[in-house]
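Residue strings, one per chain:
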Amino acid sequence: LLGREPEIAALSAFVAAGFEQGSVLLIIGEPGIGKTALLTSGRAVAHEAGYTLLQAVGVESEMHLPFGGLHQALTPLMKHLDSLMPTQRDALATALGLVEGASPDLFLIAEAAFALICLEQAKHPVIVIVDDVQWLDSQSHQILAFLAHRGAGTPLSVIGAIRPGHPGPFADAGFPQLRVTGVDDETADRILRSHAAALSPTALKGILE
């Protein structure tokens, strides 16, 4: 990631600090600026550090699907579902479409999600990494903010990447931010040259023309 050394260093420090006591980071940047690439770097650092990784990606066309983002994130923890209290287990299972039933209270679902994470924390610290938070369904967005608040003081870390100008529970909670802007001209030139070197002379000629 040329020119992103400061951001990578900040992410690495964040992951290291959260190993004992969780923390929250909101990455803000315009589309195509490199947020997803930074999250990929953060995942690699977290994996190397021994975190259990929970991840989700918001998709604009799926914003109308309740709890879609939550389902993505919690899939690796479904092995703990039967260990929850019955009310929490039933609420979460219903929300995720695993069983049929009346729509449970959102707070109960959020509590169940946090309880599921706590069960995993008995073995490993947990990190939640969500890309395109602005496209999460509203229920998952609210629960993400809930988990970020409740994780304070526990080995739960949360990283969310979002575009500017998209308000919401997680974006507006006042969490620490890492703003990602464009690289300087020298780095941009290095990036362009590195990509140009991989192109055939014919393809490069077509671009230049």
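Quick note: structure is the one above.
Counting restarts for each chain: residues are numbered from 1 in the order of the written sequence. Local features in a predicted model are, by the rule used here, given only for residues with pLDDT of at least 70; side-chain atom pairs are given and counted only at 80 or more, and totals for whole chains, interfaces and linings are based on all residues. The side-chain values count all of the structure's non-hydrogen atoms but skip hydrogen atoms and water molecules.

Caption draft 1: Spatial organisation of the overall build of the protein. We count a stretch as a helix when DSSP gives it H or I for four or more residues in a row; a strand needs E for two or more, and each element gets its number in order from the N terminus. On a plain count of helices and strands, the protein comes out with eight helices and five strands. The linear arrangement of helices and strands in the protein, starting from the amino end, is α-β-α-β-α-α-α-β-α-β-β-α-α. The cut-offs for exposure are 20% and 50% of the maximum accessible area for each residue type, with area from a 1.4 Å probe on protein chains only; residues under the lower value are buried, those over the upper are exposed, and the others partly exposed. Within the protein, buried positions represent 43% of all 209 residues. Pairs at least 24 residues apart make up 78% of the contacts formed inside the protein by residues separated by at least 6 positions. Contacts are residue-level and defined by heavy atoms, with any inter-residue pair within 4.5 Å sufficient.

Caption draft 2: View of helix α5 (residues 106-121). Over its 16 residues, α5 extends 23 Å from the first C-alpha to the last, a length consistent with the 22 Å expected when each residue adds 1.5 Å. Residues I109, A110, E111, A112, A113, F114, A115, L116, I117, E120 and Q121 constitute the buried set of α5. Contacts made by the buried residues of α5 are with β2 (52-57), α3 (68-74), α4 (86-95), β3 (126-131), α6 (138-150) and β4 (156-162). N or O atoms within 3.5 Å of each other form a polar contact, as long as, within protein, one can give a hydrogen and the other can take it, and as long as residues adjacent in sequence are counted only when both atoms are side-chain atoms. At the N-terminal boundary of α5, the capping side chain belongs to D105, with an oxygen 3.0 Å from the backbone nitrogen of F107. Expected helix span is given by 1.5 Å per residue-to-residue step, counting one fewer step than there are residues.

Caption draft 3: Structural view of the pattern of salt bridges. We define a salt bridge as a side-chain nitrogen of Lys or Arg found within 4 Å of a carboxyl oxygen belonging to Asp or Glu. As enumerated under the stated definition, the model contains three salt bridges in all. Taking the shortest distance from any N to any O, the salt bridge between E120 and K79 comes out at 3.9 Å. Here the residue E120 occupies a position in helix α5, and K79 occupies one in the loop between α3 and α4, the gap between them amounting to 41 residues. The exposure class of E120 is buried, given its relative accessible area of 4%.

Caption draft 4: Examining the packing of aromatic side chains more closely. Only Phe, Tyr and Trp rings are paired, with Trp represented by its six-membered ring, and only when their centres lie within 6.5 Å; those with planes under 30 degrees apart are stacked, over 60 edge-to-face, the remainder tilted. Following the criterion strictly, the structure yields two aromatic pairs and no others. Ring centres of F107 and F146 lie 5.8 Å apart, and the angle between their planes is 90°; on these two criteria the pair is classed as edge-to-face. Residue F107 is found in helix α5, and its partner F146 is found in helix α6; the two are separated by 39 residues along the sequence. For F107, a relative accessible area of 49% translates into the label partly exposed. For the ring pair F170 and F175, a centre distance of 5.3 Å and an interplane angle of 45° mean the geometry is tilted.

Caption draft 5: Structural detail: the packing of α5 against α6. Interaxial angle, 0 to 180 degrees, is taken between N-to-C directions of lines fitted to C-alpha atoms, where a helix line uses only the stretch in contact. Contact geometry for α5 and α6: axes closest at 10 Å, N-to-C directions at 50°. Judged by the angle between their axes, α5 and α6 are oblique. Both α5 and α6 take part in a crossing whose hand is right-handed. When α5 is examined against α6, the residues L106, F107, I109, A110, E111, A113, F114 and I117 are found in contact with a partner set consisting of Q139, Q142, I143, F146, L147 and R150. A breakdown of the residues in the contact of α5 with α6 according to their chemical character gives ten nonpolar, two polar and two charged. Roughly parallel means an angle under 35 degrees; roughly antiparallel, over 145; roughly perpendicular, 65 to 115; everything else is oblique. Crossing chirality is assigned from the near helix's rotation relative to the far helix, an anticlockwise turn below a right angle marking it left-handed and a clockwise turn marking it right-handed. All residues other than Ala, Val, Leu, Ile, Met, Phe, Trp, Tyr, Cys, Pro, Asp, Glu, Lys and Arg, Gly among them, are scored as polar; the first ten of these are nonpolar and the last four charged.

Caption draft 6: Structural context of the pairing of strand β5 (residues 177-180). Alternating residues of β5 divide into L178 and V180, all buried, and Q177 and R179, none buried. For two strands to be treated as a pair, DSSP must find at least two bridges joining them. Pairing of strand β1 (residues 24-29) with β5 involves four bridges; the strand directions are parallel. Looking at the pairing, I28 lines up with R179 of β5.

Caption draft 7: Highlighting the environment of E120. Sequence-wise, E120 and L77 are 43 residues apart; in three dimensions their C-alpha atoms are separated by 7.3 Å. When near neighbours in sequence (up to four residues on either side) are disregarded, E120 contacts T52, L77, K79, H80 and V126. A distance of 2.7 Å separates the side chain of E120 from the side chain of T52, its partner in a polar contact.

Caption draft 8: Quick peek at the nonpolar core. Here, nonpolar core means buried Ala, Val, Leu, Ile, Met, Phe, Trp, Tyr and Cys residues that are tied together by side-chain atoms lying within 4.5 Å of each other. If you look at the biggest cluster of nonpolar residues, it comprises 42 residues, and the most contacted ones within it are L70, L74, L92 and F170. At the level of secondary structure, the elements contributing two or more residues to this core comprise β1, β2, α3, α4, α5, β3, α6 and β4. Here this core takes eight residues from α5, the largest share from any one element. Once you skip the residues sitting within four places of it in the chain, L92 turns out to touch L70, L74, L81, L84, I109, A112, A113 and L116. F14, Y51, I127 and A161 belong to the second-largest nonpolar core, a separate cluster that totals 15 residues.

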